[in-house]
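# Coordinate analysis (summary)
What follows is each chain in one-letter form.
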Amino acid sequence: MKDISKVIKLHVDKERQLFKVPRTSFVDTDVFESERDAIFNRCWLYLGHASELAKPGQFVTRTVAGRNLIFNRDAGGKINAFMNTCPHRGATVCRDRAGTAKNFQCFYHGWVFGSDGKLKDQPGKESYCEGFNDQGGADLVPAPRHEAYRGFHFIAFDKDIVDLPTYLGNAREYIDLVADQSELGMTILGGTQEYSIRANWKLLVENSIDGYHAATTHASYLDYLKGTAGSLAAVGIVGVGRDLGNGHGVIEYTAPWGRPIGQWIPAWGEQGKADIEKIVAGLGERFGAERAKRMALNNRNLLIFPNLIINDIMAITVRTFYPLAPSFLHVNAWTLAPAEESAWARKSRLENFLEFLGPGGFATPDDVEALQQCQAGYENLREAAWNDISKGMGKAQPAADDEIQMRAFWTEWNRRLTRANTAT
Amino acid sequence: MQTFTRPEVEDFLFHEAALLDDWRLDEWLALFTDDARYEVPATDLDKDATPERSLFYIADDAFRLGERVKRLQKKTAFSEYPRSKTRHLVSNVRILEPGADTCRVATAFVTYRTKGGHTDTYIGSSEYALVRQATGLRIRKKRCVLDLDSLRPQGRVSILL
């Protein structure tokens, strides 16, 4: 492999409080290759949520870091992650997006697998030796590693990776703040937002945890809220940014928009007020007043390194994304909600989501535009070579519109690529 | 009793398409009733999905549709400023359930959006609920169902379909 040490080198000057990232890292094909080996093949990656597989036999097919997977709950109730390829000749075994199946049959030669991945039947069985599958070599291949935390299922392609709770580390606290919002369990709602951006994937990492860009990039969304009667609470955008270690980062802050889990806005009326008060009282009984207040009123944009975003804002979005090329990425995004919330709260949550988030919202399309314009700007990298990620570097506690959470990502990104580069 | 004819409905839909392509969005908005809805479901949803229970790309009531039009005419709607070029093609127009002053209309559409060196294509079917008012035909509901697996490579529905 080529030596990429020059194109991944960060410029960090603590004295002058500078943190700069080379723009080559967004366009270089060797960096792209190295990211696949040193990051996507060596990190825990989000596969799906347990609520998508409520009943035995339920499955969804999904692409994770270029691999095709079957994510299913088998007849015995166990949740599995299988590589979606026939052990016989390689054809895609399950070609449906989602459904319920006791068995999966490869249509090419007709091999049949149980929902537990075991080979159940083959046409022309008599032509194979007795004990043909004694070693399990004709069963569906499971993902090398598969673990879950609070309903969030992750896989890894590195057999020797640390266990998931260790990997998540300090980020667990923030996942808990989302998972605890329901007694019955958080649930992914129908309707996946699958889109693409003509930009490098790391731009979406930054953008998803960027508290600095809202006032300008999303001026028209904020205008919309200001111009809509009762859509704002009397709360400012105030909070902190944190480096959570292992490349994870978060911003946590108050904001004026309504939160169906606990921040009422006048537009939701008296019924909404009563509902929200009841939800917050319930959280208080379960977790105490202080934690309930944090869950209800604080927004959190959380990055789990390298590419899982859980943003608990005016609604909750779970978002993951992969590069297909240095300048092109695929995004998958879902929304997560408490299973028990009222029809009113559910409707408000979905409206909140699509007003801001997603490819038809009043904000996300402008993020897409910003990221594409950054990528276009990197055509000039020979003359203009560096991105600046210095904001708030001198502060003991950086604010939510500072950039410590992005420096956490870039530091881990650089550490992993440097280690891989040195090893070769 | 007056009935709806296909030429009349087609003229109306072609006029609607021309207003969109000319970015005459206030005039386009005026084609909708005060209780109108405009919806674009996510590409993996069932036909009968509703925005109260499932996540759509767009689910506007008349108020939010008005705000969408207002926003799209601002320079701060960065995705559409500078404005993209669009071409809305409307075809396969069928009048379903014609009533005295309302009818349901099914169409097929292809909309092209060109900006920044890329042309993206949106393909799908639209279902309209039309109503005849004193001033002419008006849209009470427009639901655009995309015949796409996902919004790739389009990335967004920042234009009106």
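Just so you know, the residues in each chain are numbered from 1, in the order the chain's sequence is written. In the order they appear in the text, chains get letters beginning with A and ligands get numbers beginning with 1. Local features are withheld for residues below a pLDDT of 70 in this predicted model, meaning they are given only at 70 or higher, and side-chain atom pairs are given and counted only at 80 or more; totals for whole chains, interfaces and linings count all residues. Only heavy atoms go into the side-chain values, all of them from the structure, while hydrogens and water stay out.

## A short note on the overall build of chain B
Put simply, the test is: A run of DSSP states H or I qualifies as a helix once it reaches four residues; a run of E qualifies as a strand once it reaches two. Both are numbered from the N-terminal end. The quantity called the radius of gyration is restricted to C-alpha atoms. Its globule counterpart is 2.2 Å times the number of residues to the power 0.38. Each residue is placed in one exposure class: buried if its accessible area under a 1.4 Å probe, protein chains only, is under 20% of its type's maximum, exposed if it is over 50%, and partly exposed if it falls in between. The Shrake-Rupley method, run with a 1.4 Å probe, gives the accessible areas here. Residue values count only the displayed protein chains as cover.
Counting its secondary structure elements, chain B contains three helices and six strands. Helices and strands in chain B line up, N terminus first, as α-α-β-β-α-β-β-β-β. Here the C-alpha radius of gyration of chain B, 15 Å, is about what a compact globule of 161 residues would show, namely 15 Å. Its C-alpha atoms put chain B at 50 × 35 × 30 Å along the principal axes. By the burial criterion, 51% of the 161 residues in chain B qualify as buried. Working note: accessible area of chain B is about 7,500 Å², and carbon and sulfur atoms make up 50% of it.

## Examining the interface of chain B and chain A
By a widely used convention, the size of an interface equals the accessible area lost when the partners come together. Formally: The contact rule is simple, with two residues in contact once any of their heavy atoms fall within 4.5 Å. Buried area adds together the accessible area that both of two parts lose upon being put together, with accessible area traced by a 1.4 Å probe. We define a salt bridge as a contact between a side-chain nitrogen of Lys or Arg and a carboxyl oxygen of Asp or Glu at a distance within 4 Å. Any N or O atom pair separated by 3.5 Å or less is treated as a polar contact, with the protein-specific requirement of one donor-capable and one acceptor-capable atom, and with residues adjacent in sequence counted only for side-chain atom pairs.
Contact residues are listed per partner, giving 35 residues for chain B and 38 residues for chain A. Both sides together, the interface formed by chain B and chain A hides about 3,200 Å², and carbon and sulfur atoms give 53% of it. The interface formed by chain B and chain A contains eight salt bridges. Of the charged contacts in the structure, one is a salt bridge between Lys74(B) and Asp223(A), with a shortest N-O distance of 3.3 Å. Run the count over chain B and chain A and you get 24 residue pairs in polar contact (both at pLDDT 80 or more).

## Structural notes on the packing of helix H3 (residues 172-179) of chain A against helix H8 (residues 289-297) of chain A
All names here are of chain A. To be explicit about the condition: Here an axis means a line fitted to C-alpha atoms, over the contact stretch when the element is a helix, while the angle between two N-to-C directions is reported on a 0 to 180 degree scale. For classification, angles of less than 35 degrees are called roughly parallel, those exceeding 145 degrees roughly antiparallel, those between 65 and 115 degrees roughly perpendicular, and all remaining angles oblique. Here the term charged refers only to Asp, Glu, Lys and Arg, the term nonpolar to Ala, Val, Leu, Ile, Met, Phe, Trp, Tyr, Cys and Pro, and the term polar to all other amino acids, Gly among them.
Close contact between H3 and H8 brings their axes to 10 Å; oriented N to C, the two are set at 85°. In terms of orientation, H3 lies roughly perpendicular with respect to H8. Residues Glu173, Tyr174, Asp176 and Leu177 of H3 form the contact with H8, whose participating residues are Arg291, Arg294 and Met295. The residue inventory of the contact of H3 with H8, partitioned by class, reads three nonpolar, no polar and four charged.

## Overview of the nonpolar core
Counted only if it meets this: Here, nonpolar core means buried Ala, Val, Leu, Ile, Met, Phe, Trp, Tyr and Cys residues that are tied together by side-chain atoms lying within 4.5 Å of each other.
In this structure, Trp413(A) and Leu161(B) are the most contacted members of the largest nonpolar core, which totals 125 residues. With near-sequence residues (within four places) excluded, Leu161(B) lies in contact with Leu20(B), Tyr38(B), Val40(B), His88(B), Phe109(B), Thr111(B), Tyr122(B), Lys142(B), Cys144(B) and Leu146(B).

## Considerations on the packing of helix H4 (residues 201-208) of chain A against helix H11 (residues 404-423) of chain A
Residue and element names in this part refer to chain A. Close contact between H4 and H11 brings their axes to 9 Å; oriented N to C, the two are set at 150°. Overall, the two elements H4 and H11 adopt an arrangement that is roughly antiparallel. The segment H4 lies against H11, with Trp201, Lys202, Val205 and Glu206 engaging Met406, Phe409, Trp410 and Trp413. Here the contact of H4 with H11 is built from residues that sort into six nonpolar, no polar and two charged.

## With respect to the sheet that holds strand S3 (residues 85-96) of chain B
Residues and elements named next belong to chain B. Note the following rule: Two strands make a pair as long as DSSP finds a minimum of two bridges between them.
The strand order across the open sheet built from six strands is S2-S1-S6-S5-S4-S3, with neighbouring strands paired in mixed fashion. Edge strands, defined here as strands with exactly one partner in the open sheet, are strand S2 (56-61) and S3. Taking each pair of neighbouring strands and ignoring which way they run, the sheet shows an average axis angle of 20°. Of the strand pairs in this sheet, strand S1 (residues 32-41) and S2 are connected by five bridges, and their pairing is antiparallel. Bridging across to S2, Tyr38 finds its partner in Asp60. Here helix H1 (residues 6-21) sits on the sheet and contacts S3, strand S4 (102-115), strand S5 (118-133) and strand S6 (136-146); the angle it forms with S3, its principal contact strand, is near 160°.

## Let's talk about the sheet that holds strand S12 (residues 152-156) of chain A
Strand pairing in a sheet relies on backbone hydrogen bonds. The paired strands run either parallel or antiparallel. All names here are of chain A. In spatial order, the strands read S3-S12-S11; together these three strands make up an open sheet with antiparallel pairing. Here the strands that pair on one side only, and so sit at the sheet edges, are strand S3 (45-49) and strand S11 (145-149). Ignoring which end each strand starts from, the neighbouring axes of this sheet average 30° apart. Sheet analysis places S11 next to S12, joined by five bridges and oriented antiparallel.

## What to know about the pattern of salt bridges
Residues and elements named next belong to chain A. By the definition in use, this model includes 51 salt bridges over all chains. Among the salt bridges present, the one from Arg150 reaches Asp180, with a minimum N-O distance of 2.7 Å. Residue Arg150 is found in the loop between S11 and S12, and its partner Asp180 is found in the loop between H3 and strand S13 (186-188); the two are separated by 30 residues along the sequence. Taking relative accessible area as the criterion, Asp180 reaches 11% and is therefore assigned buried.

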